[in-house]
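Observations on the three-dimensional arrangement
Listed below are the residues making up each chain.
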Amino acid sequence: MGEKILYKVKIRTEQKTYPVLLGKKVLNNVGRIISSYLPACRTLLVSDKNVAAHYGEMCMESLRKRGFQPFLEVLEGGEKEKSLATASALYSSALEAGLDRSAIIIALGGGVIGDLAGFVAATYLRGVPCVQLPTTLLAMVDSSVGGKVAVNHPLGKNLIGAFYQPALVVADQSTLITLPEREFNAGLSELIKYGIIRDKTLFEKLELSLFAGKNFSPKKYFLESNSTRLLKYIIRAVIIKGEIVSQDEREKDLRRILNFGHTFGHALEAGTGFRYYLHGEAVACGMAMAARLAVLLGILEPPFGQRIIALLKRLHVPPPPGGLNLNDVTEALFYDKKKEGDGLVFILPTALGQTTAFKAPPAPLIERVIEEYLDGGLL
Ligand SMILES: NC(=O)c1ccc[n+]([C@@H]2O[C@H](COP(=O)([O-])OP(=O)(O)OC[C@H]3O[C@@H](n4cnc5c(N)ncnc54)[C@H](O)[C@@H]3O)[C@@H](O)[C@H]2O)c1
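In this text, all values refer to a predicted model and were calculated from it rather than measured experimentally. (Residues numbered from 1 in each chain as written. Predicted model: local features only at pLDDT ≥ 70, side-chain atom pairs only at ≥ 80, totals over all residues. Heavy atoms only, no water.)

Considerations on the site of the ligand
For the record, the criterion: Whether a residue is near a molecule or strand depends on its heavy atoms: if one lies within 4 Å, it is near. Two N or O atoms form a polar contact when they lie within 3.5 Å of each other; inside protein one atom must be a possible hydrogen donor and the other a possible acceptor, and for residues adjacent in sequence the pair counts only when both atoms belong to side chains. Methods summary: accessible areas were calculated by the Shrake-Rupley approach with a probe of 1.4 Å, and residue burial reflects only the protein chains presented. Strands here are runs of E lasting at least two residues and helices are runs of H or I lasting at least four, both read from the DSSP assignment and numbered beginning at the N terminus. Under the convention adopted here, Pro, Cys and the residues Ala, Val, Leu, Ile, Met, Phe, Trp and Tyr are nonpolar, Asp, Glu, Lys and Arg are charged, and Gly plus all remaining residues are polar.
Close contacts around the ligand come from 24 residues, with D48, E79, G111, T136 and T178 the closest. T136 has a polar side-chain atom sitting 2.7 Å from an oxygen atom of the ligand. With the chains in place, 88% of the 870 Å² that the ligand exposes on its own is no longer accessible. When residues of the shell around the ligand are traced back to their parent elements, those giving at least two are α2 (49-65), α4 (111-123), α5 (137-143) and β8 (156-163). Considered class by class, the residues forming the shell around the ligand number 6 nonpolar, 9 polar and 9 charged.

Quick look at the structure:
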């Protein structure tokens, strides 16, 4: 049965207005969909080996059918691919394939492929259109929309990049069926984030969904039914992200609320050498810690803090690794901020759907929250 619901969300920024199309079982028609927005041309389709194995040939065939001349570049995948070396290899592939300024670059994959291919599109021949085909939940609700593209530098993540909006985003929820469960839950954490920072109703709907049963697998619950529940949540997240990005494309102010959970989360990732947590998992821990800090500061009523933490517990984030201690996490927390040249600023919830930027909370409270997390008392 071919369900092909296609919703369209328009993202309006100073740089560009573009559509995000969302549906189920739409990827096999991606050539037709793209051709209604961009003329057929030479195309570099960038993917990683896991994603290409499932969807690479399907996209290639669909593109060919509509007169595109696609060249598939399959990368190993993983965070290490977000490098200038891989970007340079992609420039070579694009040049060898004869891509000129009328060409497009398509990212088929999660946030790693999206950030990397987006960066290449932003810089190749001073910029060619980029189409994002996100295949992880995280990429659908977050990284494929908003135009932040980047590669990593040996001194830190995402340090070399640009704000470069895509020409089009096509998200097919059906691709999530092959996504590993742990990755699915990590993406769900970013979805919950939108509820906490901006949309109490979304938060409450996610509560109803995620408390629907015992011994519960969110992935099974959302994907093994014919319902459009998850798709609607993804659409809501994209709408919220679009609203935020359209007001603050270059992250000078409002867009920072999207970093909710990221201050603690990034310190956990850095403190474990980026090898233990998936990004979304670290963000889930960071959001729980931020909620607890807000309660300790007296800016969030304890029942709200408890609800936020209870919901995040449903994601089954792995426990803190044994070797990680308070010192590792605080060092990573403060190192990060020194680099940015400002004091510690936390995005903290003040109610469900509302946040504030809180400058320099007292160090003993920050340490208490980290210790509670490390002792297993939070998530
Ligand atoms: N640009 C932004 O605004 C933004 C926002 C958030 C995160 N990010 C970046 O996103 C990256 C993380 O993205 P991610 O979590 O999507 O990770 P990812 O791209 O590494 O994908 C996760 C894993 O899932 C596999 N995979 C992806 N889709 C699949 C599918 N449908 N079926 C089977 N396997 C599949 C991939 O091969 C990979 O092994 C980080 O580099 C982070 O910095 C960027």
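Moving on from the model shown.
Concerning empty space enclosed by the protein
We count it as follows: A cavity, in this analysis, means grid points on a 1 Å lattice covering only the protein atoms where a 1.4 Å probe fits yet has no way out; a pocket is instead an open set bounded by protein on both sides within 12 Å along at least five of seven lines, and a residue lines either one if it has an atom within 4 Å of a point. Grid points are joined across faces, edges and corners, and a volume is the space filled by probe spheres set on the points.
According to the stated counting rule, one finds 2 cavities of 30 Å³ or more in the structure shown. Size it by volume and the largest cavity reaches roughly 70 Å³. Contributing to the lining of the largest cavity are 13 residues, with Q132, G147, V149, Y164 and P166 lying nearest its centre. Contributions of two or more residues to the lining of the largest cavity are made by α4, β6 (130-134) and β7 (148-153). Here the element with the most residues in the lining of the largest cavity is α4; it accounts for 3 residues. Here the second largest cavity is characterised by a volume of approximately 40 Å³. Along the walls of the second largest cavity sit N259, F260, G261, H262, T263, F264, G286, A290, F346 and I347, which together make up its complete lining. Taken together, the elements giving at least two residues each to the lining of the second largest cavity come down to α10 (262-271), α11 (279-296) and β10 (345-351). Taken together, the residues that form the lining of the second largest cavity break down as 5 nonpolar, 5 polar and no charged.

Brief notes about the nonpolar core
Which entries qualify depends on this criterion: What we call a nonpolar core is a set of buried Ala, Val, Leu, Ile, Met, Phe, Trp, Tyr and Cys residues that are connected through their side-chain atoms within 4.5 Å. Throughout, exposure labels follow a simple rule: accessible area from a 1.4 Å probe, protein chains only, divided by the maximum for the residue type, with under 20% read as buried, over 50% as exposed, and the rest as partly exposed. Contacts are assigned to residue pairs that have any heavy atoms within 4.5 Å of one another.
Grouped together as the largest cluster of nonpolar side chains are 79 residues, with contacts concentrated most on V20, L22, L176, F184, I234 and F264. The biggest single contributor to this core is α11, with 12 residues. With residues near it in sequence (within four places) discarded, F264 still touches G286, M289, A290, L293, L333, F346, I366, V369 and I370. V46, L90, F119 and C130 belong to the second-largest nonpolar core, a separate cluster that totals 24 residues.

So, the domain arrangement of the chain
Counted only if it meets this: Note that domain bounds follow an automatic or database assignment of domains. Summed over both partners, buried area is the accessible surface (1.4 Å probe) that two parts give up on being assembled. We define a salt bridge as a contact between a side-chain nitrogen of Lys or Arg and a carboxyl oxygen of Asp or Glu at a distance within 4 Å.
Annotation of the chain at the domain level lists domain 1 (6-178) and domain 2 (181-374). Put simply, the middle of domain 1 and the middle of domain 2, counted by C-alpha atoms, are 26 Å apart. In this complex, domain 1 contributes 27 residues to the contact, which on the side of domain 2 involves 33 residues. In this assembly, domain 1 packs against domain 2 so that about 2,700 Å² is buried in total across both faces, 65% of it on carbon and sulfur atoms. Where domain 1 packs against domain 2, one counts 3 salt bridges.

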